[in-house]
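Here are the chains, one letter per residue:
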Amino acid sequence: MLLRRMQSLLTRLYDAPVEHDAEDFLISDPQRLREVVGDQRGPLSDEQVFVVQEDGGVRIGLFIDARVLDRLERQDPLKALDEGNLHDFCTALEGVSHFHYLIWSLARGRPVSLLELELQAEVDKYATALALITQQRAGAFPSALHARMFNGVSFLPQLDEISRRRYEEANRHAARYCRSLDQRYLHPRRSQPEKWLAELRRFFRCGHQEKIRQLAV
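A few points on the structure. (Residues numbered from 1 in each chain as written. Predicted model: local features only at pLDDT ≥ 70, side-chain atom pairs only at ≥ 80, totals over all residues. Heavy atoms only, no water.)

Regarding the overall build of the protein chain
Okay, so step 1: The number of helices and strands found in the protein chain is 9 helices and 3 strands.
Okay, so step 2: The C-alpha radius of gyration computed for the protein chain amounts to 17 Å, which stays within 12% of the reference 17 Å derived for 217 residues, consistent with globular compactness.
Okay, so step 3: With the C-alpha coordinates aligned to their principal axes, the bounding extent of the protein chain is approximately 55 × 40 × 35 Å.
Okay, so step 4: Each of the 217 residues in the protein chain was classed as buried or not, and the buried ones make up 46%.
Okay, so step 5: Of the contacts made within the protein chain by residues no fewer than 6 positions apart, 61% connect residues no fewer than 24 positions apart.
Okay, so step 6: When the 31 positive and 32 negative side-chain charges of the protein chain are each reduced to one mean point, those points stand 7 Å apart. (Helix = DSSP H or I, 4+ residues; strand = E, 2+ residues; numbered from the N terminus. Rg over C-alpha atoms; globule rule 2.2 N^0.38 Å. Buried < 20%, exposed > 50% of the residue type's maximum accessible area, 1.4 Å probe, protein only. Contact = heavy atoms within 4.5 Å. Lys, Arg positive; Asp, Glu negative; His and termini not counted. Charge placed at Lys NZ, Arg CZ, Asp CG, Glu CD.)

And the structure:
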């Protein structure tokens with residue numbers, strides 16, 4: 001299924017395998033999500049990772065709306081990623097990113113903040129889209145992709161102020177970081193994709209405070 005292949009993109013990109021498959025934790029029916037998480041769910045979006053306290057532990061799951069998955073199955077982004085499926089690709093990839101990074105961190109006993117999850121997902125969306133499009137277009141760099149993904153973004157109107165600020169901060173930091181990587185390692189006249197990949201992998205392994213310190217420089 002598509003989500004397994006998308007998770008494999010992240011595994012290969014960061015050389016960061018995890019023991020659990022996102023598809024095994026997937027819920028795609030909004031009503032089923034409400035039954036599982038109840039009042040904890042907050043504003044309903046097309047994707048979200050949830051953690052529910054249960055007797056003896058916690059339950060982790062991934063929700064991606066079935067309509068998003070259906071559209072992606074009809075227009076497979078791993079074969080051709082373009083304007084027609086970019087939004088749905090980013091929606092699904094964000095959910096897979098949250099799940100993958102959370103499981104990877106928990107396996108190492110590392111705490112993860114909500115801002116860290118959102119920041120990593122923003123970087124993941126851009127990096128995977130960039131890698132896919134470049135590969136699909138025989139190495140041609142998609143110069144318009146950065147502006148398309150980071151400029152003029154919109155957020156759910158029902159978000160509270162704290163959540164909105166978190167999303168805005170993650171978007172701003174990730175935009176600056178990804179632009180810096182493009183300029184340093186993917187400029188046509190000094191392309192160094194191996195250094196781009198090494199930097200992404202190093203950033204992935206940084207903790208929350210280290211990520212923020214680097215982005216503030």
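What about the pattern of salt bridges?
Okay, so step 1: One pass over the full model with this rule turns up 13 salt bridges.
Okay, so step 2: Between Arg 32 and Glu 35 there is a salt bridge, and its shortest N-O distance comes to 3.4 Å. Highlighted residues: Arg 32 and Glu 35, both in helix 2 (residues 30-37), separated by 3 residues, approximately one helical turn.
Okay, so step 3: Residue Arg 32 is classed as partly exposed on the basis of its relative accessible area of 36%.
Okay, so step 4: The partner of Arg 165 in a salt bridge is Glu 161, and the shortest N-O contact between them spans 3.7 Å. Within this pair, Arg 165 and its partner Glu 161 are both found in helix 7 (residues 161-185), separated by 4 residues, close to a single helical turn. (Salt bridge = Lys/Arg side-chain N within 4 Å of Asp/Glu carboxyl O.)

Quick look at the side chain of Glu 23
Okay, so step 1: If you trace the backbone, Glu 23 turns up in the loop between helix 1 (2-14) and strand 1 (26-27).
Okay, so step 2: Accessibility expressed as a relative area gives 14% for Glu 23, which makes it buried.
Okay, so step 3: Setting aside anything within four residues of it in sequence, one finds Glu 23 in contact with Met 1, Leu 2, Leu 3 and Arg 4.

Section: helix 7
In an α-helix, one turn spans 3.6 residues, which is why side chains three or four residues apart end up on the same side.
Okay, so step 1: Taking 1.5 Å of rise per residue, 25 residues should cover 36 Å, and helix 7 covers 36 Å from first to last C-alpha, within 8% of that figure.
Okay, so step 2: Looking at helix 7, one finds that the buried residues are Ser 163, Arg 166, Ala 170, Asn 171, His 173, Ala 174, Ala 175, Tyr 177, Cys 178, Leu 181, Asp 182 and Tyr 185.
Okay, so step 3: The N-capping residue of helix 7, defined by a side-chain oxygen 3.1 Å from the backbone nitrogen of Ile 162, is Asp 160. (Expected span 1.5 Å × (residues − 1). Polar contact = N/O pair within 3.5 Å; in protein donor to acceptor, adjacent residues only side chain to side chain.)

Concerning the environment of Phe 89
Okay, so step 1: Examined against the element boundaries, Phe 89 turns out to sit in helix 4 (residues 86-106).
Okay, so step 2: Judged by its relative accessible area of 0%, Phe 89 is buried.
Okay, so step 3: Residues Phe 89 and Cys 178 lie 89 residues apart in sequence; the distance between their C-alpha atoms is 18 Å.

What to know about the packing of aromatic side chains
Okay, so step 1: The tally for this structure, following the rule as stated, stands at 7 aromatic pairs.
Okay, so step 2: Between Tyr 14 and Phe 204, the ring centres sit 4.4 Å apart and the planes meet at 20 degrees, which makes this aromatic pair stacked. Of this pair, Tyr 14 sits in helix 1 while Phe 204 sits in helix 8 (residues 193-204), and the two are 190 residues apart along the sequence.
Okay, so step 3: Ring centres of Phe 25 and Phe 99 lie 5.1 Å apart, and the angle between their planes is 45 degrees; this geometry places the pair in the tilted category. Remark: Phe 99 occurs in helix 4 and Phe 25 occurs in the loop between helix 1 and strand 1; sequence separation between them is 74 residues.
Okay, so step 4: Three or more aromatic residues joined by ring pairs form one cluster here, namely Tyr 14, Tyr 101, Trp 104 and Phe 204. (Phe/Tyr/Trp six-rings, centres within 6.5 Å; stacked < 30°, edge-to-face > 60°.)

What about the nonpolar core?
The nonpolar side chains of a soluble globular protein tend to be buried with one another.
Okay, so step 1: Counting residues in hydrophobic clusters, the biggest one holds 55 residues, and the most contacted among them are Phe 89, Trp 196 and Leu 200.
Okay, so step 2: When residues in this core are grouped by element, the largest group, 11 residues, is from helix 4.
Okay, so step 3: The contact partners of Leu 200, leaving out residues within four places of it in the chain, are Leu 13, Tyr 14, Val 123, Ala 127, Tyr 177 and Leu 181.
Okay, so step 4: Within the second largest apolar cluster, 7 residues are counted, among which are Ile 27, Leu 33, Val 36 and Val 52. (Core = buried A, V, L, I, M, F, W, Y, C linked by side-chain atoms within 4.5 Å.)

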